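Structural overview
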Amino acid sequence: MSTPLQVTARLRDPVTTEDHIRGPADAAVTIVEYGDFQCPFCGAAYPNLHELLRQRADTVRLVYRYFPIANVHPYAERAAETAEAAGVRGRFWEMHDWLYEHQDQLDPVHLSLGVEQVGLPPDELNAEVENRTHADRVRRDFVGGIRSGVNGTPTLFVNGVRHDGGYDLPDLLTAVDAAANA
């Protein structure tokens, strides 16, 4: 009798200074999330990841990468490009949080209001999104996700290994604690 081949999906693109990172640079555990701002499952994972960072502040850093599934979520790509436009102005995480906290308001009109609420110039950001100024960055993250075996959102990698467990807080705490003690 033979054993079925099991392949562990691994992160193919290493974390760099160009990534959006929240948490200490020397954290024992790095979580890379491939997410879609309009995905309801990403929206459900968002508060759990936020709480995980609070409870394991010295242990975990979170890296966010774009994986907009545009054929299912029509506003996801625009939201990702808006977040990147905020990121080049040093406000990525504020925009990230607003997008997940207002997932039902990602149409262009509400998105402009959100940009303003985050304290950024909506006309400038809208022009950059219309001109697809940040589309290459979003596409680079998406392609990196494909290369790493991402086929849905959210997909998490814990210290470079795909996390195939749940996204509720106890599952995330267990995965982080196991990785920190490995």
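The coordinates are above.
Let me sum up the structure you'll find in this document. Just so it is clear, the model here is predicted, and its values are computed rather than measured. (Residues numbered from 1 in each chain as written. Predicted model: local features only at pLDDT ≥ 70, side-chain atom pairs only at ≥ 80, totals over all residues. Heavy atoms only, no water.)

1. Digging into the pattern of salt bridges
According to the stated counting rule, one finds 16 salt bridges in the structure shown. With a shortest N-O distance of 3.6 Å, Glu 77 and Arg 139 are connected by a salt bridge. Of this pair, Glu 77 sits in helix α2 (residues 76-87) while Arg 139 is found in helix α6 (residues 135-147), placing the two residues 62 residues apart along the sequence. By relative accessible area, which is 43% here, Arg 139 ends up partly exposed. Glu 94 is paired through a salt bridge with Arg 91; the nearest N and O atoms lie 3.2 Å apart. Its relative accessible area of 36% is what places Glu 94 among the partly exposed residues. (Salt bridge = Lys/Arg side-chain N within 4 Å of Asp/Glu carboxyl O. Helix = DSSP H or I, 4+ residues; strand = E, 2+ residues; numbered from the N terminus. Buried < 20%, exposed > 50% of the residue type's maximum accessible area, 1.4 Å probe, protein only.)

2. Some thoughts on the sheet that holds strand β2 (residues 29-35)
Taken in spatial order, the five strands of this open sheet run β1-β3-β2-β4-β5, and their pairing is mixed. With partners counted over all chains shown, the strands left at the sheet margins are β1 (20-22) and β5 (161-163), one partner each. Geometrically, the sheet is characterised by an average inter-axis angle of 30° between neighbouring strands, direction not taken into account. With seven bridges connecting them, β2 and strand β3 (residues 60-66) associate as parallel partners. When the bridges of β3 are listed, Ile 31 appears paired with Leu 62. Sheet strands touched by helix α7 (residues 169-180): β2, β3, β4 (155-158) and β5. Its angle to β2, the strand with the most contacts, is close to 135°. (Pairing = 2+ DSSP bridges. Axes fitted to C-alpha atoms, helices over the stretch in contact; angles between N-to-C directions. Contact = heavy atoms within 4.5 Å.)

3. Here's the deal with the packing of helix α1 (residues 40-55) against α7
For the pair α1 and α7, interaxial distance at closest approach is 9 Å and the crossing angle is 45°. In terms of orientation, α1 and α7 fall into the oblique class. Considering the relative orientation of α1 and α7, their crossing is right-handed. Together, Asn 48, Leu 49, Glu 51, Leu 52 and Gln 55 of α1 and Leu 169, Leu 172, Leu 173 and Val 176 of α7 make up the contact between the two elements. Taken together, the residues that form the contact of α1 with α7 break down as six nonpolar, two polar and one charged. (Parallel < 35°, antiparallel > 145°, perpendicular 65-115°, else oblique. Left-handed = near helix turned anticlockwise from the far one by under 90°. Nonpolar A, V, L, I, M, F, W, Y, C, P; charged D, E, K, R; others polar.)

4. Quick look at α7
For α7, spanning twelve residues, the distance from its first C-alpha to its last is 16 Å, which sits close to the expected 16 Å at 1.5 Å a residue. When α7 is considered as a whole, its buried residues turn out to be Leu 169, Leu 172, Leu 173, Ala 175, Val 176 and Ala 179. Viewed end-on, α7 has its buried residues packed into an arc of 165°, placing them on one side of the element. The exposed residues of α7 that point more than 90 degrees off its buried face are Pro 170 and Thr 174. (Expected span 1.5 Å × (residues − 1). Arc of directions from axis to C-beta.)

5. A short note on the nonpolar core
Ile 31, Phe 37, Leu 52, Tyr 66, Met 95 and Leu 99 are the most contacted members of the largest nonpolar core, which totals 39 residues. Secondary-structure elements contributing two or more residues to this core are β2, α1, β3, α2, α3 (92-101), α4 (108-117), β4 and α7. Contacts of Met 95, omitting those with residues within four sequence positions, involve Thr 82, Ala 83, Ala 86, Gly 114, Val 115 and Val 118. (Core = buried A, V, L, I, M, F, W, Y, C linked by side-chain atoms within 4.5 Å.)

6. A word on the packing of aromatic side chains
Under the counting rule described, the total for this entry stands at twelve aromatic pairs. Geometrically, the ring pair formed by Tyr 46 and Tyr 100 is stacked, given 5.4 Å between the ring centres and 25° between the ring planes. Separated by 54 residues along the polypeptide, Tyr 46 in helix α1 and Tyr 100 in helix α3 bring together distant segments of the chain. With respect to burial, Tyr 46 and Tyr 100 carry one shared label: buried. Between Phe 67 and Phe 142, the aromatic rings sit 4.2 Å apart at their centres with planes inclined by 20°, giving stacked as the arrangement. Separated by 75 residues along the polypeptide, Phe 67 in the loop between β3 and α2 and Phe 142 in helix α6 bring together distant segments of the chain. (Phe/Tyr/Trp six-rings, centres within 6.5 Å; stacked < 30°, edge-to-face > 60°.)

7. What about the pairing of β3?
Buried residues dominate β3, accounting for seven of its seven residues. Where burial is concerned, the two faces of β3 agree: the one with Val 60, Leu 62, Tyr 64 and Tyr 66 and the one with Arg 61, Val 63 and Arg 65 are both buried. Examined bridge by bridge, β1 and β3 share three bridges and lie antiparallel to one another. Pairing of Arg 22 across the sheet is with Leu 62, part of β3.

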